[in-house]
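Survey of secondary and tertiary structure
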Amino acid sequence: MIAQNAHYNEKMASVYEQMYPIGFDTDAAVEYFSGMLKPEAKVLELGIGTGRIALPMAERGFRLHGVDGSEAMLAKLAEHDTESVVTAVLGDFTQPDLDMGGDFDLVTLVLNTFFVAVSREAQLNCLRNVRDQLAENGRFVLEAFDPSPYHVMTKPDFSMRYLNETAIMLDTMMVDRSQQLMVATHTIVDGGPPETTQHVLRYAFPLEIDLLAELSGLKLVERWGGWHQQPYMASSPRHVSVYERVN
Ligand SMILES: C[S@@+](CC[C@H](N)C(=O)[O-])C[C@H]1O[C@@H](n2cnc3c(N)ncnc32)[C@H](O)[C@@H]1O
């Protein structure tokens, strides 16, 4: 079954790179991954998107594979990947038994994408898939925000962001802390009819992710406050967490 992923439709795919421009902190992430890998290592990115990370990784000689639930995002990736250096397929990493061929030296899940799995079961499916796709000494790296400031939100939040000279995005966000759900809407205003998509995330605290990982046969090896390997502290807005297989 393919991900219910109406959020990453054609319109969102068309502005995605303006939301997260190359250089956002892509360079630091690519540097970090490269530092942990042998030449030509085999890498799997879950939610590969438009190839923000995968393409520079492939350019460095790593063998990049990816899965994504959005045809529109994969189409953008294919547009950029003129030399077909990345192997990407349509699929849903929150469903059981994702088969990407296994034996990966590194599996990555960045930019809060873990939280698209909107139930505990879906998050467990995702982590079991990771475990099954990892090589014996492989590593799994997950990057996500720390939910603490969102978990205490009692009112909807509204913000606006610049996309380009002729387009802005209006964002709303509401949190249901009883379910650890965050419901965001994004409305693109670009002169055409405004288009709104809804995005639901199930956030999880780092220690909860560790527990779900343990239940899936993975254990935490290290945790950083970001791609520059800054210490992870109580005030860190996000974390980069590294897991290995429990054999
Ligand atoms: C925030 S974007 C990250 C894209 C890319 N990893 C990056 O860092 O730029 C999340 C991506 O995950 C994909 N995605 C969301 N849910 C998914 C699912 N259940 N299975 C596969 N891909 C999914 C989306 O289509 C989107 O491309």
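Keep in mind that what you see is a predicted model, and the values were worked out from it rather than measured.

1. Topic: the sheet that holds strand 9 (residues 195-202)
- Read across the sheet, four strands follow the order 6-7-8-9 without closing on themselves; strand pairing throughout is antiparallel. The open sheet terminates on both sides in strands that have one partner only, identified here as strand 6 (157-164) and strand 9. Going from strand to strand, the sheet's axes swing by 20° on average, the running direction of each strand aside.
- Here strand 7 (residues 167-176) pairs with strand 8 (residues 181-189) via nine bridges, running antiparallel. Residue pairing across strands places Leu 170 opposite Thr 187, the latter belonging to strand 8.
- Set on the sheet, helix 1 (residues 10-19) makes contact with strand 6, strand 7, strand 8 and strand 9; between it and strand 6 the angle comes to about 85°.

2. Some points on the sheet that holds strand 10 (residues 218-224)
- Ordered by their spatial adjacency, seven strands build an open sheet running 3-2-1-4-5-11-10, and the pairing between neighbours is mixed. A single partner strand is all that each edge strand has here, and the edge strands are strand 3 (86-90) and strand 10. Ignoring strand direction, the axes of neighbouring strands in this sheet form an average angle of 20°.
- Pairing between strand 5 (residues 134-145) and strand 11 (residues 238-245): seven bridges, direction antiparallel. Within the sheet, the bridge partner assigned to Phe 145 lies in strand 11 and is Arg 238.
- The strands that helix 5 (residues 120-133) touches are strand 1 (42-46), strand 4 (104-109), strand 5, strand 10 and strand 11; relative to strand 5, the one it contacts most, it runs at about 145°.
- Those strands touched by helix 7 (residues 206-215) are strand 5, strand 10 and strand 11, and its axis lies near 150° from that of strand 10.

What counts, and at which threshold
- Residues numbered from 1 in each chain as written.
- Predicted model: local features only at pLDDT ≥ 70, side-chain atom pairs only at ≥ 80, totals over all residues.
- Heavy atoms only, no water.
- Pairing = 2+ DSSP bridges.
- Helix = DSSP H or I, 4+ residues; strand = E, 2+ residues; numbered from the N terminus.
- Axes fitted to C-alpha atoms, helices over the stretch in contact; angles between N-to-C directions.
- Contact = heavy atoms within 4.5 Å.

Spatial relationships are all this shows, so hold off on functional conclusions.
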